[in-house]
Amino acid sequence: MISDGVEDEEKWLAAAVTGLQQNAFYMHRALDSSNLKDALKYSAQMLSELRTSRLSPHKYYELYMRAFDELRKLEIFFWEETRRGCSMVDLYELVQHAGNILPRLYLLFTVGSVYIKSKEAPARDILKDLVEMCRGIQHPLCGLFLRSYLSQVSRDKLPDIGSEYEGDADTVTHAVEFVLQNFTEMNKLWVRMQYQGPAWGKEKREKERSELRDLVGKNLHVLSQIEGVDLDMYRDTVLPRVLEQVVNCRDELAQYYLMDCVIQVFPDEYHLQTLDILLGACPQLQPSVDIKIILSRLMERLSNYAASSIEVLPEFLQVDAFSKLNSAIGKVIEAQVDMPVVGVVTLYSSLLNFTLNVHPDRLDYADQVLGLCVKKLSGIGKIEDTLATKQIVTLLSAPLDKYNNVMTALKLTNYSSLMEHLDNTKNKVMATIIIKSIMKNNTHISTGDKVEALFELIKGLIKDVNGKFEDEVDEEDFKEEQNSVACLIQMLHNDDPEEMFKIITIVQKHILTGGLKRLSHTVPPLVFSCLKLVRRLQIKDETGAGGEAVAASQKIFQLLNQIIEALSIVPAPELALRLYLQCAEAANDCDLEPVGYDFFTQAYILYEEEISDSRAQVTALHLIIGTLQRMHIFGVENRDTLTHKATGYSAKLLKKPDQCRAVYACSHIFWSDDPEGVRDGERVVLCLKRSLKIANAAQQMANVTRGNGGSVTLFIEILNKYLYFFEKGNRQVTVTTIQDLIELITTEMQRDGATQDPVVDAFFTSTLRYIQFQKQKGGSVGEQYEPVKV
């Protein structure tokens, strides 16, 4: 049935267009021969096609535009007739003899336009006559387009100030009255369209009405363009009359569109000076009108106006715009008891943006807006509406964007209360926004109280919900969130060590209760924050601060022990071991031997009891060896204990190649680059010989299990270690030892069944080339290497 209706409508439109074109043809012929009588006859017949009520607004518009084009030609003809001596009074009366009222009025408006242009009569009298005659058409669609035509042909002929059609002192009043009267009647016709048809077609009619809204709205645009409409006339006449029609029409579509039109077309300064009148109409609108968008756009325009020039800000203070908008929003919310949460939040979000732009120095205003929003949301708890929570995030982000400083947001007492209404997901989003703001603006949080307040705001990122981790959280998102928290910890700083220690203990309190999965992300940055404080205390000690710095450092190391121990329940032994070794190095720099030894002990316990994976053991052992090599505070007994353990661990690794590499790495423990440090050449050589023995065992094992001697890579690596210590001046490393090892490697590589590996060959060749290069250097180095034959 719908398709049949569409086809019928196409046929009706085609028939109407055909009739219009036929009569337009005869009209053109009459115009060409200057036959006024026939021109009026055929133009009236042409315009009779607009009397149809069968067409939808969209199709009717197509027909109207064709007729409009023809009327423009007719208007030109009428103007030429006046220049040839035709009386406009006679012509004005002549067209009124048309048989049907609709064609008669179209012709009358066309002649009226020329009549005004001819200036044979005052424009105000002609316009008044024309707008009054429009009452003869009460069909909503036909009347709407007829009045639209009147508005179109008269807009450039209004008796405005400075216009060529300007009349007496009240000329602007007449122009305004004409437009207002036409607007009022057009709006009534537009509203009546919804009642033209059965109830089941209401939705379709509303859509069609929406397409015609610009016909009505253009009247308001014309009003805004009248030069004589100053603030007084706008406040006393224009705005009250427009709002009266808006409120009285009681139509949702009309009220929403026209209120938006008023806000968009008239100047910002007019809105500012008439806030009382404009806002007073808002609570009187239909409950179904989306008032939040109307008020939001009004506040947005006023905000932009305030931002345009600092000179206009006193105007806002003069009219007390904030209080008026605040009061209006409260009244609208009370009037619309069923307003959804998203509407309430959107209104307060717009008010906050207005406040931040107009009164950036009044934090109490911003906090008041947040407080009002919290009050309206009281009793709701966590908000589940996605759009509402999104608006809350927008509202809470506004102070951050305006002030570029989280510290300012922390001064808003209602900020955290509003965050409490966010669900867990949006709470995390808001916390992330806060952290990004801190990072972007390089904001340093410098007091314990501020850190406490900040961590209360971002607790969604650092604590499990109800003590339970959310399994459905995406792993990558979780890591990104925790990395942002880690970055935040690094932004916490105070030059006063005592206050900084207070900050660290506050952070510790929050992150250690944040759930097991978070600890591996949040503990390391806290540990390094502590270590930075230790370094600062060390520098302070070196500059003569005395024992206070040492005592404070010991206190921090005790705290570090507690923090790292928390990783044992994760468990994260490899990470904990790395952190213990970092702390041991810091203790080394502070000359605190007992503390350093204790950290190494903890690292060794983790290695023995918690780390079982062979690859993890290799990595951990090399970290231990590297750290131990850099330690200088240990006495002979403690050092021997730790080095004995490290070499013992090396020999117990699962794979022979790993054993070999760990053992020759241990050689560095016994030889320091510092001339005053440990330099035990015998134990260095002992480690190298032991590694050579293990490499030989690995070679034999490969021969038994695989039938070949395996790679000689380990021998070449050991050769490089010998060369290193040979250059460093270890007298226990002799030329003979190096020469024997070179011959051993050469023999193994040339032996039958030896594995040929280009990488190994290149490694050995590079090593020999290095020896040759050192020999050619000359000087003491050249003399040292001269006996070595390659």
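A quick note: this is a predicted structure, and the numbers were derived from the prediction, not measured.

Chemist: Report on the overall build of the protein, specifying residues and quantitative values.
Modeler: A count of helices and strands for the protein gives 39 helices and zero strands. A compact globule built from 790 residues should have a C-alpha radius of gyration of about 28 Å, whereas the protein, at 45 Å, is more than 25% larger. For the protein, the proportion of contacts with a sequence separation of at least 24, taken over those separated by at least 6, is 72%. Within the structure as shown, the protein displays about 37,200 Å² of accessible surface, and the carbon and sulfur contribution to it stands at 49%.

Chemist: Please provide a residue-by-residue account of the packing of aromatic side chains, values included.
Modeler: Throughout the structure, instances matching the rule amount to 25 aromatic pairs. Ring centres of Tyr-106 and Tyr-149 lie 5.4 Å apart, and the angle between their planes is 50°; on these two criteria the pair is classed as tilted. Here Tyr-106, found in helix H5 (residues 101–118), pairs with Tyr-149, found in helix H7 (residues 140–154); they are 43 residues apart in sequence, far enough to count as distant. Exposure class is identical for Tyr-106 and Tyr-149. Each is buried. Arranged with centres 5.2 Å apart and planes meeting at 35°, the rings of Tyr-234 and Tyr-270 form a pair that is tilted. Here Tyr-234, found in helix H11 (residues 231–249), pairs with Tyr-270, found in helix H13 (residues 268–273); they are 36 residues apart in sequence, far enough to count as distant. For Tyr-270, a relative accessible area of 15% corresponds to the buried category. In textbook terms, an aromatic cluster arises when at least three aromatic residues are bridged by ring pairs, as seen for Tyr-60, Tyr-61, Tyr-64, Phe-68, Tyr-106, Phe-145 and Tyr-149. Between the NZ or CZ atom of Lys-117 and the centre of the ring of Trp-79, over which it lies, the distance is 4.8 Å.

Chemist: Let's hear about the side chain of Asn-219: which residues, and what values?
Modeler: Turning to its location among the elements, Asn-219 is positioned in helix H10 (residues 213–225). Excluding residues that lie within four positions of it along the chain, Asn-219 makes contacts with Ser-151, Val-179, Asn-182, Phe-183 and Met-186.

Chemist: So what's going on with the layout of surface pockets? Which residues, and what values?
Modeler: By volume, the second largest pocket amounts to about 340 Å³. Put simply, the parts of the chain that give the lining of the second largest pocket at least two residues each are helix H32 (614–630) and helix H33 (636–651). For the lining of the second largest pocket, the leading source of residues is H33, giving three residues. Within the lining of the second largest pocket, the residues separate by chemical class into six nonpolar, five polar and eight charged.

Chemist: Describe in detail H10, supporting the description with residues and values.
Modeler: End to end, H10 covers 19 Å across 13 residues, agreeing with the expected 18 Å (1.5 Å per residue, within 8%). Restricting attention to buried positions, one finds in H10 the residues Leu-215, Val-216, Gly-217, Asn-219, Leu-220, Val-222, Leu-223 and Ser-224.

Chemist: Quick one: what's the story with a negative patch on the surface, residue by residue and with numbers?
Modeler: Together, Asp-474, Glu-476, Asp-477 and Glu-480 make up a region of like negative charge exposed at the surface. Counting through the fold element by element, Asp-474 comes out in the loop between helix H25 (459–462) and helix H26 (475–490). Judged by relative accessible area, which is 40%, Asp-474 ranks as partly exposed.

Chemist: Could you give an account of unusual backbone geometry, naming the residues involved and the relevant values?
Modeler: Between Val-570 and the following residue, Pro-571, the backbone shows a cis peptide bond with an omega angle of -10°. When you line up the elements, Pro-571 lands in the loop between helix H29 (547–565) and helix H30 (573–589). Backbone geometry places Ser-34, a non-glycine residue, at a positive phi of 55°. With respect to the element layout, Ser-34 can be found in the loop between helix H1 (2–32) and helix H2 (36–47). Residue Ser-34 is classed as partly exposed on the basis of its relative accessible area, which comes to 40%. Positive phi, close to 50°, is recorded for Arg-250, a residue that is not glycine.

Chemist: Can you explain the pattern of salt bridges? Please cite residues and give values.
Modeler: Counted under the stated rule, the structure contains 30 salt bridges. Here Arg-235 ties to Asp-236 by a salt bridge, and the two come within 3.9 Å at their closest N and O atoms. You can call Arg-235 partly exposed: its relative accessible area is 27%.

Chemist: Now, about the environment of Lys-331: what can you tell me, with residues and values included?
Modeler: Looking at the element boundaries, Lys-331 is found in helix H17 (residues 321–335). What makes Lys-331 partly exposed here is its relative accessible area of 49%.

Chemist: Can you lay out helix H38 (residues 758–777) for me, pointing to particular residues and giving the numbers?
Modeler: Relative to the 28 Å expected for 20 residues at 1.5 Å per residue, H38 spans 28 Å between its end C-alpha atoms, a close match to the ideal helical length. All of the buried residues in H38 are Val-760, Phe-764, Thr-767, Ile-771, Gln-774 and Lys-775. For H38, the angular spread of the buried residues around the axis is 110°, confining them to a single face. Looking at H38, the residues exposed on the side facing more than 90 degrees away from the buried face are Pro-758, Val-759, Arg-769 and Gln-776. Its buried side turned inward, H38 meets helix H36 (713–727), helix H37 (735–750) and helix H39 (779–785). Its side-chain oxygen at 3.0 Å from the backbone nitrogen of Val-759, Asp-757 defines the N-terminal cap of H38.

Chemist: Explain the side chain of Arg-639 to me, and be specific about the residues and the numbers.
Modeler: By the secondary structure assignment, Arg-639 is in helix H33. Residues contacting Arg-639, with those up to four places away along its chain left out, are Leu-628, Gln-629, Met-631, Phe-634, Ile-669 and Val-678.

Criteria and thresholds
Residues numbered from 1 in each chain as written. Predicted model: local features only at pLDDT ≥ 70, side-chain atom pairs only at ≥ 80, totals over all residues. Heavy atoms only, no water. Helix = DSSP H or I, 4+ residues; strand = E, 2+ residues; numbered from the N terminus. Rg over C-alpha atoms; globule rule 2.2 N^0.38 Å. Contact = heavy atoms within 4.5 Å. Areas by Shrake-Rupley, 256 points an atom, 1.4 Å probe, with all protein chains shown as cover. Phe/Tyr/Trp six-rings, centres within 6.5 Å; stacked < 30°, edge-to-face > 60°. Buried < 20%, exposed > 50% of the residue type's maximum accessible area, 1.4 Å probe, protein only. Lys NZ or Arg CZ within 6 Å of the ring centre and 35° of its normal. 1 Å grid on protein atoms, 1.4 Å probe; cavity = no way out; pocket = protein on both sides within 12 Å on 5 of 7 lines; lining within 4 Å. Points joined across faces, edges and corners; volume = space filled by probe spheres on them. Nonpolar A, V, L, I, M, F, W, Y, C, P; charged D, E, K, R; others polar. Expected span 1.5 Å × (residues − 1). Patch = residues over 30% accessible without salt bridge, like charges linked within 9 Å, V, L, I, M, F, W, Y side chains within 5 Å. Salt bridge = Lys/Arg side-chain N within 4 Å of Asp/Glu carboxyl O. Lys, Arg positive; Asp, Glu negative; His and termini not counted. Charge placed at Lys NZ, Arg CZ, Asp CG, Glu CD. Arc of directions from axis to C-beta. Polar contact = N/O pair within 3.5 Å; in protein donor to acceptor, adjacent residues only side chain to side chain.

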